[in-house]
Amino acid sequence: MKKIILAAMGLGMLTAFGCRRPASALYTSSNRDFQCRVPWAWEVLFDSEGEHFNDTTFIGPFEPDFYRGVPSLSVRWHSRYSTHRLRDGSLEMYADADDFIRQTLDSIYGPERVMIKEVQTIEAAGRPAKYFVVFSYGPADPQAQWGTVIRKSTGAKANPRQHAYVVVPMPSGFYVLVYPATELGFAKYEPQFNALVRSFTPLKDGPGGALLEKRRPLFPAGTGTGS
């Protein structure tokens with residue numbers, strides 16, 4: 001996993017902002033397949049498994065209401081029908097964006113999940129995308145100190161996950177924009193996630209794909225749906 005810091009971009013930029021730290025910076029992926037605006041000076045972690053899977057995660061400052069105290073935003077790429085090995089050694093594979101949504105809701109969040117926002121169509125860079133927010137109690141490390149609760153029904157420590165997703169279908173796969181928050185911390189960086197979604201621009205059909213033409217908005221200004 002490669003690690004960089006999305007830090008200050010030079011004294012000239014800071015001078016242009018009157019020595020005020022800007023709220024966000026325009027990020028271009030290492031494969032130059034997408035751009036988006038992300039919170040200023042957040043750490044960037046990059047993980048890949050060839051051109052069929054990429055994960056770019058932006059890590060924010062310590063926040064006690066987030067699991068392990070770590071807020072984050074992520075942009076992932078999945079090629080259709082390509083397997084990706086997870087950290088626990090299991091494999092995942094998706095036929096398309098809708099299959100990803102079905103598998104994610106069923107296998108990660110399970111039958112006790114609560115849909116804070118049902119799956120709905122929004123626009124991302126002139127493309128139809130799917131947006132949803134889901135809540136469920138997930139497992140928590142017994143040693144974790146931050147962002148956990150004790151469930152009354154079980155007496156066990158749990159991660160009260162409230163996660164937002166935007167899934168953007170592409171010709172050969174799909175991008176997944178993720179905000180993995182907690183119930184208590186969700187509002188803290190929801191505006192930053194929304195800014196990432198609004199600014200997200202695919203430049204290629206995935207990390208190894210062909211260049212894309214810029215699309216016009218699907219909805220007139222002020223009338224489109226959004227997260």
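Just above sits the structure.
Residues numbered from 1 in each chain as written. Predicted model: local features only at pLDDT ≥ 70, side-chain atom pairs only at ≥ 80, totals over all residues. Heavy atoms only, no water.

### A few points about helix 3 (residues 186–199)
The terminal C-alpha atoms of helix 3 lie 20 Å apart, and with 14 residues this matches the ideal 20 Å at 1.5 Å per residue to within 8%. Here helix 3 has its buried residues at F186, Y189, F193, N194, L196, V197 and S199. (Helix = DSSP H or I, 4+ residues; strand = E, 2+ residues; numbered from the N terminus. Expected span 1.5 Å × (residues − 1). Buried < 20%, exposed > 50% of the residue type's maximum accessible area, 1.4 Å probe, protein only.)

### Quick notes on the packing of aromatic side chains
Following the criterion strictly, the structure yields 19 aromatic pairs and no others. The interplanar angle of 70 degrees and the centroid separation of 5.3 Å between the aromatic rings of Y175 and F200 together place this pair among those described as edge-to-face. You can see Y175 sitting in strand 13 (residues 173–182) and its partner F200 sitting in the loop between helix 3 and strand 14 (201–202), a full 25 residues away along the chain. We classify Y175 as buried; its relative accessible area is 1%. For F200, a relative accessible area of 0% gives the class buried. A network of ring pairs unites the aromatic residues Y27, F34, F58, W77, Y175 and F200 as a single cluster. Positioned above the aromatic ring of Y189 is the side chain of K188, whose terminal nitrogen or guanidinium carbon lies 6.0 Å from the ring centre. (Phe/Tyr/Trp six-rings, centres within 6.5 Å; stacked < 30°, edge-to-face > 60°. Lys NZ or Arg CZ within 6 Å of the ring centre and 35° of its normal.)

### With respect to the sheet that holds strand 2 (residues 24–28)
Taken in spatial order, the three strands line up as 2-3-14 in an open sheet, and their pairing is antiparallel. Two strands lie at the open edges of the sheet, namely strand 2 and strand 14, each paired on one side alone. The sheet contact formed by strand 3 (residues 34–39) and strand 14 spans two bridges and is antiparallel. What sits directly across from Q35, in strand 14, is T201. Running over the sheet, helix 3 touches strand 3 and strand 14 and is turned about 160 degrees from strand 3. (Pairing = 2+ DSSP bridges. Contact = heavy atoms within 4.5 Å. Axes fitted to C-alpha atoms, helices over the stretch in contact; angles between N-to-C directions.)

### Let's talk about the side chain of N54
Turning to its location among the elements, N54 is positioned in strand 5 (residues 53–59). In this structure the side chain of N54 is engaged in a polar contact, spanning 2.6 Å, whose partner is the side chain of N31. Within polar-contact distance, the side chain of N54 engages the backbone oxygen of G50 at 3.2 Å. Those residues within four positions of N54 in sequence are excluded, and the remaining contacts are N31, F46, D47, S48, E49, V75, R76, W77 and P207. (Polar contact = N/O pair within 3.5 Å; in protein donor to acceptor, adjacent residues only side chain to side chain.)

### Side note on the nonpolar core
Membership of the largest hydrophobic core comes to 30 residues, with the highest contact counts inside it found for F58, V166 and Y179. Elements with a contribution of two residues or more to this core: strand 3, strand 6 (72–79), strand 9 (114–124), strand 10 (127–139), strand 12 (157–169), strand 13 and helix 3. The greatest single-element share of this core, amounting to five residues, is contributed by helix 3. Setting aside residues no more than four positions away along its own chain, F58 makes contact with Y27, C36, V38, W42, E43, V44, P71, S72, L73, V75 and L196. (Core = buried A, V, L, I, M, F, W, Y, C linked by side-chain atoms within 4.5 Å.)

### Structural notes on the environment of T201
Turning to its location among the elements, T201 is positioned in strand 14. Its relative accessible area of 27% is what places T201 among the partly exposed residues. Along the sequence, T201 and R37 sit 164 residues apart, while their C-alpha atoms lie 9.6 Å from each other. Apart from the residues lying within four places of it in its own chain, the contact partners of T201 are D33, F34, Q35 and A125.

### Some words on the pattern of salt bridges
Evaluated as defined, the whole model comprises six salt bridges. Between E63 and K188 there is a salt bridge, with the nearest N and O atoms lying 3.7 Å from each other. Placement of E63 in the loop between strand 5 and strand 6 and of K188 in helix 3 is noted, with a sequence separation of 125 residues between them. Overall, the relative accessible area of 45% leaves K188 in the partly exposed class. The residue K130 makes a salt bridge to D98 at a minimum N-O spacing of 3.2 Å. Of the two residues, K130 sits in strand 10 while D98 sits in helix 2 (residues 97–109), which places them 32 residues apart along the sequence. When its relative accessible area of 35% is taken as the criterion, D98 is described as partly exposed. (Salt bridge = Lys/Arg side-chain N within 4 Å of Asp/Glu carboxyl O.)

Taken by themselves, the reported measurements are silent on function.
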